[in-house]
Amino acid sequence: MSTLWTFDSQKSEYPSKLDRRRNLKPSTPTNANLVVTSSFHTLAFSLVLLSLMAAAAAARTLVSLKPIFLVRSSPRSLRPSSLSSSLICHKRYGKSIQCPLYSSSFSFCVNPLNLGVKSAPFRTFAQSSAADSVKDGVLDNPLLKDFEFPPFDAVTAEHVRPAIRGLLSKLEGDLDELERTVEPNWPKLVEPLEKILDKLAVVWGIVSHLKSVKDSPELRSAIDEVQPEKVKFLLRLGQSKPIYEAFKAIRDSPEWESLDEARKRLVEAQLKEAILGGVALEDDKREKFNEIEQELQKLSQKFQENVLDATKKFQKLVVDKKDIEGLPATALGLAAQTAVSKGHENADAENGPWVITLDPPSFLPVMQHAKNRALREELYRAYITRASSGDLDNTPIIDQILKLKMEKAKILGYDNYAEVSMATKMATVGKAEELLEKLRGASWSAAVQDMEELKSFSKSQDALEADDLTHWDLTFWSERLRESKYDINEEELRPFFSLPKVMDGLFNLAKSLFGIEIEAADGLAPVWNGDVRFYCVKDSSGEPIAYFYFDPYSRPSEKRGGAWMDEVVSRSRVLSRNGTSSRLPIAHMVCNQTPPVGNKPSLMTFREVETVFHEFGHALQHMLTRQDEGLVAGIRGIEWDAVELPSQFMENWCYHRSTLMSIAKHYETGETLPEDIYMRLLAARTFRAGSLSLRQIRFASVDLELHSKYIPGGSETIFDVDQRVSKKTQVLTPLPEDRFLCSFIHIFGGGYAAGYYSYKWAEVLSADAFSAFEDAGLDDIKAVQETGRKFRETVLALGGGKDPLKVFVEFRGREPSPEPLLRHNGLLAVA
C-alpha cells in the first residue's frame, strides 16, 4: 500500500521499541507517527470521502467511489481497559456506552422458568475477610455475600457504606500483598490484579447501576460519602510503582515477542493507563492530580443528578383537550397515566387531565404533533434550559470541570484535555476537527434545502408561522412534511411495533446470524424493577454462554434518560469458579421507551426499535466474546472510536425486509406491515439527513472546542462558544438563552468528553460490515448465515485483544471502504 501522508499522533506516554533503542526514559513523552495508507482507521479517509460527499450533495448527483485510505494506528493507542478504569470517572473511565443524540428534538412479569442452568456463582468478598467484617455489621450485607447474580432486589442505600468500606479494607490488604510479591509474569501480576479490580468492579457496578435506574436521595447520599474512598483506592492502585515496573519488565523481557496479541495489548494498555493515571508524576504533582480526580468525579456525578432532577421537576398540567389537539392516542394515554401517578386519580386518556413532562416519551410527541404552538414553545424552552438555573444550575459545574480537566492535562504534559482523550483513541484532535469540517461542508447545503422545503411546505398548509419558523416549529412541521412526502405517520406505525414482537424478531435474527438461542430466564436472577426482563444466551449445543438484563421503559421519577449498555461481569479465565471454563459475561441493556398504556403492550416508534437493535449490538460484543483475558474481553480495551461498530451495524437490520416484516405485526390483528409502507420507510430513511447530520456535528464540534481551545474564565463563556460554533453548524442558530450544554451528559457526565465525534468514526465500519451481507445476498439465507458466523468469530469474538483494523480485515477480507456509507446515505447508485 502506498503512503499518502503522515501526521503526528498525541504524545505517547511510554517509549516504543525504537525509543528504547534510543535510550529514552520510560516517562519521557514522545511523538509517535501514524501513517495514512489506503482505506480507513482514523477517519483521515473521511476527509477525501466527505469532500466527495459535499460535491455530490451540492450537485444532487450520484457518484461512485473506490476505497480511499486508512490511518494505521500505533498499537499504543489503546482505550484504558474498562474494568479497571471505569471505576474512577465517567470520561476516561466510563464503561456505559450511551446512544448518540439522534433525535431532531433532543436526543411483564412472567413465571420463573426452570432452565436447568447451573451457572457458576462469583464471589465479591473473600470468605477469609468475614471475621474482620463482623464489627462493621456487613455479614448480612447482600453486596458482600456469595451470589450467582447480583442481588439487585435486596440492596438498599443502607448497605452501600459498610459494603464499600469493608471491601476497600480487604482490597487494600490484597494490594499490599500484590506489591510485596509481584513478579513480571501473568500469575504473579495480571491474575491477582484482575481479581482485585473485579471485586470492586462488580460491587461498585451494582451500586452505580442502581443509582442510574432506581435513584433516591438516600442512595445518592451513601454513594457521595464513600465515593472519595473508592477513588482514593483506585488512584493508589493506578499509581502503584511496583505494578507499573512489573508491566514494563514484561514488555522489555525476551519473552515479549512470544506473547499473543491480546496479552501484548493488555500490557501496553496498562502502561498507558498508568501514565495517564499519574504514576510518573512527582509527589507534589501527583497529590494535585489526585485532588483533581476526586473533584472531577464529584462534579460529574452532581451534573448527572442535576439533569435528572431538573427533568423530573417540570410538569405541565393540561385540563382542556383543545390545548393538546393533535396528540396521538398513545401520547394522551401516557399523559393521563402520568397524571394518575401525580395524584389525579380519575384521569383518563379521553377526558384528562393530562400531565406532560420533559421525559422523551412525553416531550417528543408534543413537539411532533401538538397543534398548540404556545405549548410547543413552552416545552421547548423548558427542555433547552434544563439544569441551568437555581440550585440545579450546571453552569458553574461545567466551568469547574473544564478548568480541572485543563489543569489535569497540563500536569500530564499535554496542551489541553482533548489531547489526553485522544491519547487512548485512534484519531488526533486535528484529524477529528478536519473530519467534522468536511462533514459540515457535506451537510450544509442539504440542510439549507431542508429548511427551505419546510418553509415552503408550511406555507402551502397556510401555517400562520410559515414566514417565521423557529425551533419549536421544526419538529412539528418536519413530521407533517414526512407524512405528506412518504405517506408515513409514525404514530400509525406504532401498533405494528409492539415490544414482544420486536424482541422475538431480534432474537430470531440473532439466531440466524450468529447461531445463538436467547431464552427468557425471568426468576433466575433478581431484578430492580418488575418490568426488567432477564435472558439466557445459549450456543448451538444449548449450553449457556452469557446472560443479560433488559430494562425497557421510561421511569422519569427514578431513572436517568437515554439508552445505554453496560457490563455486569465480563468473561474471564482467571475468575472461573470451576477452574476449567471461563466465567460467563453478563450485560445490562437499558432503554427509555414508551411504557405500556392500559392493557396495550409497549407500542414503539421506529426510532425506539432502532435503539433496541443498537444497544443489543453493544451487548452482543460483550456477550459473544471468545477472549478469556478478562481485561481485554468483550468491549474492554476496544478503542473508543471503534466501539460503536456492532451497535450501528445492528441498526441496518431494521431496514432489512424479512427482518422488519418479522417484527412488524399489528399487536391486535397480527397483520404484517404492508409492503408499500415498508418501501416508504426505506425511502424516508435519509429524510432531512443534512439537518440531522449538522445537529450531531454541532455536538461534536462544541465538545472538541471546549476541550481543546476554550479557556475557562476567559473572554468567552461556554454558551458563547456554543453560539459561535452553532453559527457554522446550524441553519437556524440556537436561541440566545439556549443552555443545552447544561444537560449534555455525554461529555460532562459520561464517557464522551472530546470523543463525541466517535459516532461518525464508526459509521464507515458499520456500513461496510453490513455491505458484506449485501454482497453475499440478503435473500440468500445460507450466505447470510455464513457471513453472520464470520462476523461473530471476528468482530464479536475477539474483543479488545486485537487491533480493530485487523479484526475488520479478518472479517471483510480487505480494509474498509467508505462506499457503503455513501450508498446507504443515498449518494451512490445502488447496483
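From a predicted model like this one, the values you see are computed outputs, not experimental measurements. (Residues numbered from 1 in each chain as written. Predicted model: local features only at pLDDT ≥ 70, side-chain atom pairs only at ≥ 80, totals over all residues. Heavy atoms only, no water.)

Caption draft 1: Layout of the overall build of the protein chain. A count of helical and extended segments in the protein chain gives 31 helices and eleven strands. As displayed, the protein chain offers around 30700 Å² of accessible surface, 50% of which is attributable to carbon and sulfur atoms. (Helix = DSSP H or I, 4+ residues; strand = E, 2+ residues; numbered from the N terminus. Areas by Shrake-Rupley, 256 points an atom, 1.4 Å probe, with all protein chains shown as cover.)

Caption draft 2: Geometry of the confidence of the model for the protein chain. Per-residue confidence for the protein chain averages 84 on the pLDDT scale, and 83% of its residues sit at or above 70. Of all the helices and strands in the protein chain, strand S1 (residues 5–12) carries the lowest mean pLDDT, 28, while strand S8 (residues 533–538) carries the highest, 98. Segment residues 1–94: pLDDT under 50, and 283 contacts once partners within four positions in sequence are set aside and those in other chains are kept. Between residues 102–136, whose pLDDT stays under 50, and residues either more than four places distant or in other chains, the model counts 93 contacts. (pLDDT = per-residue confidence, 0-100. Contact = heavy atoms within 4.5 Å.)

Caption draft 3: Region of interest: the packing of aromatic side chains. Going through the model one piece at a time under the given rule, you end up with 41 aromatic pairs. Measuring from ring centre to ring centre gives 5.6 Å for Phe744 and Tyr756, while their planes differ by 70°; the resulting arrangement is edge-to-face. You can see Phe744 sitting in the loop between helix H26 (718–729) and helix H27 (745–748) and its partner Tyr756 sitting in the loop between H27 and helix H28 (758–776), a full twelve residues away along the chain. The pair Phe744 / Tyr756 is uniform in exposure class, with both members buried. Lying over the aromatic face of Phe476, Arg376 brings its terminal NZ or CZ to 4.3 Å of the ring centre. The lysine or arginine in question, Arg480, covers the ring of Phe476, its NZ or CZ lying 4.7 Å from the ring centre. (Phe/Tyr/Trp six-rings, centres within 6.5 Å; stacked < 30°, edge-to-face > 60°. Buried < 20%, exposed > 50% of the residue type's maximum accessible area, 1.4 Å probe, protein only. Lys NZ or Arg CZ within 6 Å of the ring centre and 35° of its normal.)

Caption draft 4: The arrangement of the packing of helix H29 (residues 781–796) against helix H30 (residues 804–812) in detail. Their axes nearest at 9 Å, the elements H29 and H30 cross at an angle of 160°. Between H29 and H30, the crossing angle belongs to the class labelled roughly antiparallel. Crossing geometry of H29 relative to H30 is assigned as right-handed. Two secondary-structure elements touch here, H29 through Thr787, Lys790, Phe791, Thr794 and Val795 and H30 through Val807, Glu810 and Phe811. (Axes fitted to C-alpha atoms, helices over the stretch in contact; angles between N-to-C directions. Parallel < 35°, antiparallel > 145°, perpendicular 65-115°, else oblique. Left-handed = near helix turned anticlockwise from the far one by under 90°.)

Caption draft 5: Representation of the packing of helix H7 (residues 186–213) against helix H10 (residues 261–276) within the structure. Relative to each other, H7 and H10 sit at 70°, their axes nearing to 13 Å. The orientation of H7 with respect to H10, classified from their angle, is roughly perpendicular. Crossing of H7 against H10: the hand is left-handed. Where H7 abuts H10, its residues Trp186, Val190 and Leu193 lie against Arg263, Leu266, Val267 and Gln270. Across the contact of H7 with H10, the residue classes tally to five nonpolar, one polar and one charged. (Nonpolar A, V, L, I, M, F, W, Y, C, P; charged D, E, K, R; others polar.)

Caption draft 6: Seen up close, the nonpolar core. Counting 144 residues, the largest nonpolar core has Phe497, Phe514, Phe548 and Phe616 as the members making the most contacts within it. Setting aside chain neighbours within four positions, we find Phe514 in contact with Leu620, Leu624, Phe649, Met650, Gly788, Arg789, Phe791, Arg792 and Leu796. Counting 65 residues, the second largest nonpolar core, distinct from the first, contains Val203, Leu234, Ala274 and Tyr547. (Core = buried A, V, L, I, M, F, W, Y, C linked by side-chain atoms within 4.5 Å.)

Caption draft 7: Just H29, in detail. When we look at burial in H29, the residues that qualify are Ala783, Val784, Thr787, Gly788, Phe791, Arg792, Thr794, Val795 and Leu796. Summarising the contacts, the buried residues of H29 are in contact with helix H20 (499–514), strand S9 (544–553), helix H21 (606–623), helix H22 (645–651), H28 and H30.

Caption draft 8: Structural view of the side chain of Arg680. Structurally, Arg680 can be placed in helix H24 (residues 675–683). Polar side-chain contacts of Arg680 include one of 3.1 Å to the backbone oxygen of Asp487. Excluding its chain neighbours within four sequence positions, the residues that come into contact with Arg680 are Tyr486, Asp487 and Ile488. (Polar contact = N/O pair within 3.5 Å; in protein donor to acceptor, adjacent residues only side chain to side chain.)

Caption draft 9: Geometry of the pattern of salt bridges. Summed over all chains, the structure comprises 70 salt bridges. The salt bridge partner of Arg555 is Glu558, with a shortest N-O separation of 2.9 Å. A residue is classified by how much of its surface remains accessible, and Arg555, at 10% relative accessible area, is buried. Given a relative accessible area of 16%, Glu558 falls into the buried group. With its nearest N and O atoms 2.6 Å apart, the salt bridge here joins Glu810 to Lys802. By relative accessible area, which is 37% here, Glu810 ends up partly exposed. Taking the relative accessible area as the measure of exposure, Lys802 reaches 22% and is therefore partly exposed. Each of the salt bridges in this network shares a partner with another, and the network as a whole consists of Arg161, Arg165, Glu225 and Glu229. (Salt bridge = Lys/Arg side-chain N within 4 Å of Asp/Glu carboxyl O.)

Caption draft 10: Layout of the sheet that holds S9. Read from one edge of the open sheet, six strands run S4-S10-S11-S9-S8-S7, paired in mixed fashion. Each edge of the sheet is formed by a strand with only one pairing partner; in this case those strands are strand S4 (97–98) and strand S7 (517–520). Relative to S9, S8 runs antiparallel, the two sharing six bridges. Across the sheet, residue Cys536 finds its bridge partner in S9, namely Tyr547. Strands in contact with H21 are S4, S7, S8, S9, strand S10 (564–569) and strand S11 (586–593); relative to S11, the strand with the most contacts, it is inclined by about 170°. (Pairing = 2+ DSSP bridges.)

Caption draft 11: Broad picture of the environment of Gln227. Mapped onto the secondary structure, Gln227 falls in helix H8 (residues 217–238). Gln227 gets classed as buried once you look at its relative accessible area, which sits at 2%. Taking the C-alpha atoms as reference points, Gln227 and Gln294, separated by 67 residues in sequence, lie 8.6 Å from one another. For Gln227, the residues in contact, after removing those within four places along its chain, are Trp204, Gln294, Gln297, Lys298 and Gln301.

Caption draft 12: Seen up close, H24. For H24, every residue scored as buried is listed here: Ile677, Tyr678, Arg680 and Leu681. Angularly, the buried residues of H24 cover 160° about the axis, an arc narrow enough to put them on a single face. Close packing links the buried residues of H24 with helix H18 (471–486), helix H19 (490–493), H21 and helix H23 (657–663). (Arc of directions from axis to C-beta.)

Caption draft 13: Region of the structure containing the pairing of S8. For S8, the tally of buried residues reaches six of six residues, placing the bulk of the element in the interior. Because side chains alternate across S8, one face comprises the buried residues Arg533, Tyr535 and Val537, and the other comprises Phe534, Cys536 and Lys538, equally buried. With four bridges joining them, S7 and S8 adopt antiparallel strand pairing. For Ile518, the partnering residue across the bridge sits in S8 and is Val537. In sequence, S8 turns back onto S9 through a hairpin of five residues, with Gly542 there showing a positive phi of about 90°.

Caption draft 14: How the structure looks around the environment of Cys591. You can see Cys591 is positioned in strand S11. It is 4.3 Å that separates the C-alpha atoms of Cys591 and Ala563, two residues lying 28 residues apart in sequence. Discounting chain neighbours no more than four positions away, the residues touching Cys591 are Phe550, Asp551, Pro552, Tyr553, Lys559, Gly562, Ala563, Thr611, Val612 and Glu615.

Caption draft 15: Main features of the side chain of Arg480. Looking at where Arg480 falls in the secondary structure, it is placed in helix H18. Once you skip the residues sitting within four places of it in the chain, Arg480 turns out to touch Gln368, His369 and Phe457.

Caption draft 16: Inspection of unusual backbone geometry at higher detail. In this structure, the amide linkage connecting Gly352 to the following residue, Pro353, adopts the cis form with an omega of 0°. Examined against the element boundaries, Pro353 turns out to sit in the loop between helix H12 (329–341) and strand S6 (354–356). Unusually for a residue other than glycine, Asp487 sits at a positive phi of about 55°.

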